Amino acid sequence: GQQVQQSPASLVLQEGENAELQCSFSISTNQVQWFYQRPGGRLIGLSYIPGMKPTGKQTSSTVTKGRHSSLTISSSQTTDSGTYFCVLNNNAGAKLTFGGGTRLTVRP
Amino acid sequence: GALVYQYPRRTICKSGTSMRMECQAVGFQATSVAWYRQSPQKTFELIALSTVNSAIKYEQNFTQEKFPISHPNLSFSSMTVLNAYLEDRGLYLCGARDQTSNSDYTFGSGTRLLVI
């Protein structure tokens, strides 16, 4: 089946630094969503349209092209700590496939 | 806006017993509901995808006998973990979407299951 690979698996930033999270898939698509999971579990959608500024988190942006997507976090804050998931949408079956996630820690 | 309420948020059950979790969609028609499990230190695995008026499709390694799902209308779905054991612990997540409008999934807050 389709596969979603994320890198890095974990990342530590100092507050204010930028980061780019990577995602690659086994098929070419633009049906990609990024989600943020707070420590404790709740998933929050970060982006729904490739390249557009996501709602609820104005310091990040996504770019999706071919078999690759990236999420850029700018001017990181400690509240950005958590796990970021890249999710591939199989539009035909409305099935989401989650990547392994990138665990981000932002230190003050 | 579209919201999905999932409950309970946390639950503990004894090994060998069963527990049920529910999801309520508000503000949109949940024509499709997907149930996921996130085991400790792992990503989300799809358990099954349910579409109203269609058969529920279970992924490999997940069965109806273990995870029976009900999706009786466009706003509600439930899933039961039968005969739960230690390997069933984790975060269970429901996601719902309106397939007719090709909307994105909206996720509930998850049900964290601890088996003792």
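Look a little higher up for the structure.
All of the points below concern the structure found in this document. (Residues numbered from 1 in each chain as written. Chains lettered and ligands numbered in written order. Predicted model: local features only at pLDDT ≥ 70, side-chain atom pairs only at ≥ 80, totals over all residues. Heavy atoms only, no water.)

1. Describing the overall build of chain B
Okay, step 1: Counting its regular elements, chain B contains zero helices and eleven strands.
Okay, step 2: Beginning at the N terminus, the succession of helices and strands in chain B can be written as β-β-β-β-β-β-β-β-β-β-β.
Okay, step 3: Scored against the burial criterion, the 116 residues of chain B give a buried share of 49%.
Okay, step 4: Of all intrachain contacts in chain B linking residues separated by at least 6 positions in sequence, the fraction that spans at least 24 positions is 55%.
Okay, step 5: A total of about 5,600 Å² of accessible surface is found on chain B, and carbon and sulfur atoms cover 50% of it. (Helix = DSSP H or I, 4+ residues; strand = E, 2+ residues; numbered from the N terminus. Buried < 20%, exposed > 50% of the residue type's maximum accessible area, 1.4 Å probe, protein only. Contact = heavy atoms within 4.5 Å. Areas by Shrake-Rupley, 256 points an atom, 1.4 Å probe, with all protein chains shown as cover.)

2. Description of the sheet that holds strand β3 (residues 19-26) of chain B
All names here are of chain B.
Okay, step 1: Strand order in the open sheet formed by four strands is β1-β3-β8-β7, with antiparallel pairing between adjacent strands. Here the strands that pair on one side only, and so sit at the sheet edges, are β1 (3-7) and β7 (69-73). Each adjacent strand pair in this sheet contributes to an overall mean axis angle of 15 degrees, direction not counted.
Okay, step 2: Judged from the three bridges that link them, β7 and strand β8 (residues 76-81) form a sheet pairing that is antiparallel. Note on β8: the bridge partner recorded for S70 is S78. (Pairing = 2+ DSSP bridges. Axes fitted to C-alpha atoms, helices over the stretch in contact; angles between N-to-C directions.)

3. Some thoughts on a positive patch on the surface
Okay, step 1: Together, R38(A), R42(A), R9(B) and R10(B) line one region of the surface with positive charge.
Okay, step 2: Topologically, R9(B) is positioned in the loop between β1 and β2 (10-13). (Patch = residues over 30% accessible without salt bridge, like charges linked within 9 Å, V, L, I, M, F, W, Y side chains within 5 Å. Salt bridge = Lys/Arg side-chain N within 4 Å of Asp/Glu carboxyl O. Lys, Arg positive; Asp, Glu negative; His and termini not counted. Charge placed at Lys NZ, Arg CZ, Asp CG, Glu CD.)

4. What about the state of the cysteines?
All names here are of chain B.
Okay, step 1: One pass over the full model with this rule turns up two disulfides over all chains.
Okay, step 2: Each sulfur in the disulfide pair C23 and C94 lies 1.6 Å from the other. Judged by the sign of its S-S torsion, about -100 degrees, the bond between C23 and C94 is left-handed. You can see C23 sitting in strand β3 and its partner C94 sitting in strand β9 (residues 90-97), a full 71 residues away along the chain.
Okay, step 3: For C23, a relative accessible area of 5% translates into the label buried. (Disulfide = S-S within 2.5 Å.)

5. Some points on the side chain of R37(B)
All names here are of chain B.
Okay, step 1: Residue placement: R37 occurs in strand β4 (residues 32-38).
Okay, step 2: We classify R37 as buried; its relative accessible area is 10%.
Okay, step 3: Here Y92 takes part through its side chain, which lies 3.5 Å from a polar atom of the side chain of R37.
Okay, step 4: Those residues in contact with R37, other than ones at most four positions away along the chain, are T43, F44, E45, I47, F62, F67, E87, D88, L91 and Y92. (Polar contact = N/O pair within 3.5 Å; in protein donor to acceptor, adjacent residues only side chain to side chain.)

6. What about the interface of chain B and chain A?
Okay, step 1: In this assembly, 19 residues from chain B lie in contact with 18 residues from chain A.
Okay, step 2: Around 1,600 Å² of area is buried between chain B and chain A when both sides are counted, 50% of it from carbon and sulfur atoms.
Okay, step 3: Counting the surface chain B buries against chain A, the share from its top three residues, D104(B), Y105(B) and F107(B), is 29%.
Okay, step 4: The interface formed by chain B and chain A holds three residue pairs in polar contact (both at pLDDT 80 or more) in total.
Okay, step 5: Contributing elements (two or more residues each) for the side of chain B that touches chain A: β4, β5 (44-51) and β9 of chain B.
Okay, step 6: Residues that form the side of chain B that touches chain A fall into these classes: eight nonpolar, seven polar and four charged. (Buried area = accessible area lost by both parts, 1.4 Å probe. Nonpolar A, V, L, I, M, F, W, Y, C, P; charged D, E, K, R; others polar.)

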